[in-house]
Amino acid sequence: MDVSDAKEWLKTQKSSSLWKSKFIEDGYLVVEDLLSPEEVQFYQSIYDKLLSDKFDTSKHRHDLGSHTEQKVKDKENICQIMWPSSYFDKLEDGKLHKRAHEIAKVVLADDVDMDFDMLISKAPHTDTVTPMHQDQSYWPDMPDKRAVTVWVALDDVTEDNGCMCFVPGSHKSETLRPFRKAKEGHHVICCDGDESELVAAPIRKGSCTLHHGRTVHYTGGNITDRQRRAFIVNFRPLKMIEFERAQGFDHAKAGLNNINIQTPEK
Ligand SMILES: O=C(O)CCC(=O)C(=O)O
């Protein structure tokens, strides 16, 4: 796809002049209507193909909620698939990625590029929270810590099916909160925090939230009959992507066995 579509889309965004200051202040931001209803349908169909057995995604798929008991028989508690863009030709050149990139450039700077993408899906009644955490605790330590994650809802999201919830201003502290694995032997990380600090960001499908790499965030379990599909794209300075790759860190592009994370603070 043409980058010009994304640039044209950006010009239609009346509130874009406020994005950067809001992001700097709060560490998160809501941008409505990133995708039209027809565009949402396109990404939902891609998403559903990846969730079904039409593609062998086993190299990139795991249960992000495996640290808790299984809530719905034969269903992952939280389905995470890394690198959806690697399953479709030029998906990363599509409207979702390119418009998200334009927003990332507005809130951070022009030197940012896509680091990785992923899907996180909470099926009906799987009722598993993604505990409070800071994304930076999943990544190698980098000299330039600027990073932004764009979380695109492909279903309407509310607190009862797992919308994003943020601790405003939590990115401002230069040091990470103490963190640990939610359960030994499992991938998911949680940090110190109290749920009373959280502010929910319910959004309609096609809209997105953005958060800084140090913003503390959380999603509740899906206790509804509805799906909760999120398509997530992360951006950081190109130099830092090169820095990560030079250390062999590719956000599991080569497969989930290749995931390594920082040692949690004692
Ligand atoms: O979708 C979720 O449940 C969690 C998403 C998240 O933690 C992230 O995108 O950084």
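For the structure itself, look to the data block above.
Peer 1: Looking at this structure, how should I read the sheet that holds strand β1 (residues 28–31)?
Peer 2: Two modes of strand pairing occur in sheets, parallel and antiparallel, and in both the strands are linked by backbone hydrogen bonds. Pairing in this open sheet of 7 strands is antiparallel, and the strands run β1-β11-β6-β13-β4-β3-β2 from one edge to the other. Two strands close off the open sheet at either side, each with one partner strand: β1 and β2 (61–63). Ignoring which end each strand starts from, the neighbouring axes of this sheet average 20 degrees apart. Contacts between helix α5 (residues 238–246) and the sheet are confined to β4 (112–122) and β13 (228–237), with β13 contributing the most and set at about 100 degrees to the helix.

Peer 1: Explanation requested: the environment of D141 in the structure shown.
Peer 2: In this structure, D141 sits in the loop between β5 (130–133) and β6 (148–153). Each C-alpha atom, one on D141 and one on E244, is 9.0 Å from the other, the two residues being 103 residues apart in sequence. A polar atom in the side chain of D141 sits 3.0 Å from the side chain of K145.

Peer 1: When you look at the packing of helix α2 (residues 16–26) against helix α4 (residues 95–107) in this model, what are you seeing that I'm missing?
Peer 2: Think of two packed helices as two axes; the pair is described by the angle between the axes and how far apart they sit. Packing of α2 against α4 leaves a shortest axis separation of 8 Å and a crossing angle of 60 degrees. Classified by the interaxial angle, the pair formed by α2 and α4 is oblique. Considering how the two elements wind past one another, α2 and α4 form a crossing that is right-handed. In this structure, α2 contributes S16, W19, K20 and F23 to the contact, and α4 contributes I103, V106 and V107. Its residues placed into classes, the contact of α2 with α4 shows 5 nonpolar, 1 polar and 1 charged.

The rules behind each value
- Residues numbered from 1 in each chain as written.
- Predicted model: local features only at pLDDT ≥ 70, side-chain atom pairs only at ≥ 80, totals over all residues.
- Heavy atoms only, no water.
- Pairing = 2+ DSSP bridges.
- Helix = DSSP H or I, 4+ residues; strand = E, 2+ residues; numbered from the N terminus.
- Axes fitted to C-alpha atoms, helices over the stretch in contact; angles between N-to-C directions.
- Contact = heavy atoms within 4.5 Å.
- Polar contact = N/O pair within 3.5 Å; in protein donor to acceptor, adjacent residues only side chain to side chain.
- Parallel < 35°, antiparallel > 145°, perpendicular 65-115°, else oblique.
- Left-handed = near helix turned anticlockwise from the far one by under 90°.
- Nonpolar A, V, L, I, M, F, W, Y, C, P; charged D, E, K, R; others polar.

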